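One letter stands for each residue in the lines below.
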Amino acid sequence: MPVLFGDEAKFGVNNRQGLLRLLRRDGEDVAKERWHTKDQEAYETIISYIGGIWIAMKASEPSAEICRNLYPSHLSYKAGSLI
């Protein structure tokens, strides 16, 4: 069964492991750009999505299968303002 099957596989919190540094913000970042809850959720969703792709690649999923399971309009719905 493909690794990227269903929303949890695509957007699950566990997909972010190894990528959490991309969500870290220091004091300067916070001062320059305020994030609202929806912004934070959108960034987390994108990082989970990228992590899901990485997990599928490491599991040697065929690239065609990975691409078929990536549904851009669903990602746009989940991460709204970033896309």
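All values reported here derive from a predicted model rather than from experimental measurement.

### Some words on the overall build of the chain
Counting its regular elements, the chain contains five helices and zero strands. Each helix and strand of the chain, placed in order from N terminus to C terminus, yields the pattern α-α-α-α-α. Across the 83 residues in the chain, those meeting the buried criterion constitute 30%. A sequence separation of at least 24 residues applies to 71% of the contacts in the chain between residues at least 6 apart.

### Some remarks on the environment of Arg16
Within the secondary structure, Arg16 sits in the loop between helix H1 (7–11) and helix H2 (27–32). Each C-alpha atom, one on Arg16 and one on Ile47, is 5.9 Å from the other, the two residues being 31 residues apart in sequence. Every residue in contact with Arg16, bar those within four places of it in the chain, is listed here: Leu23, Glu44, Ile47 and Ser48.

### Let's talk about helix H3 (residues 37–58)
The end-to-end C-alpha distance of H3 is 31 Å, a good match for the 32 Å that 22 residues give at a rise of 1.5 Å each. Looking only at H3, the buried set comprises Ala42, Thr45, Ile46, Ile47, Ser48, Tyr49, Gly51, Gly52 and Ala56.

### A word on the environment of Gln17
Within the secondary structure, Gln17 sits in the loop between H1 and H2. What makes Gln17 exposed here is its relative accessible area of 52%. Sequence separation of Gln17 and Ile47 is 30 residues, and the distance between their C-alpha atoms is 9.3 Å.

### Looking at the pattern of salt bridges
Applying the stated rule across the entire model yields two salt bridges. The salt bridge involving Arg16 is made with Glu44; its shortest N-O contact spans 4.0 Å. One end of the pair, Arg16, is in the loop between H1 and H2; the other, Glu44, is in helix H3, and 28 residues separate them in sequence. Of the residues examined, Arg16 reaches a relative accessible area of 12% and is grouped as buried. In this structure Glu44 comes out as partly exposed when scored by relative accessible area, which is 21%. The salt bridge involving Glu28 is made with Lys32; its shortest N-O contact spans 3.0 Å.

### Description of the confidence of the model for the chain
When pLDDT is averaged along the chain, the result is 78, and 76% of the positions lie at 70 or above. Highest mean pLDDT in the chain belongs to H3 (88); lowest belongs to helix H5 (residues 72–79) (52).

### Here's the deal with the side chain of Asn15
Within the fold, Asn15 resides in the loop between H1 and H2. Within the local environment of Asn15, its side chain forms a polar contact with the backbone oxygen of Ser48, the two atoms lying 3.2 Å apart. Here Asn15 is in contact with Glu8, Ala9, Lys10, Ile47, Ser48, Gly51, Gly52 and Ile55, once residues within four sequence places are set aside.

Reading guide: rules and limits
Residues numbered from 1 in each chain as written. Predicted model: local features only at pLDDT ≥ 70, side-chain atom pairs only at ≥ 80, totals over all residues. Heavy atoms only, no water. Helix = DSSP H or I, 4+ residues; strand = E, 2+ residues; numbered from the N terminus. Buried < 20%, exposed > 50% of the residue type's maximum accessible area, 1.4 Å probe, protein only. Contact = heavy atoms within 4.5 Å. Expected span 1.5 Å × (residues − 1). Salt bridge = Lys/Arg side-chain N within 4 Å of Asp/Glu carboxyl O. pLDDT = per-residue confidence, 0-100. Polar contact = N/O pair within 3.5 Å; in protein donor to acceptor, adjacent residues only side chain to side chain.

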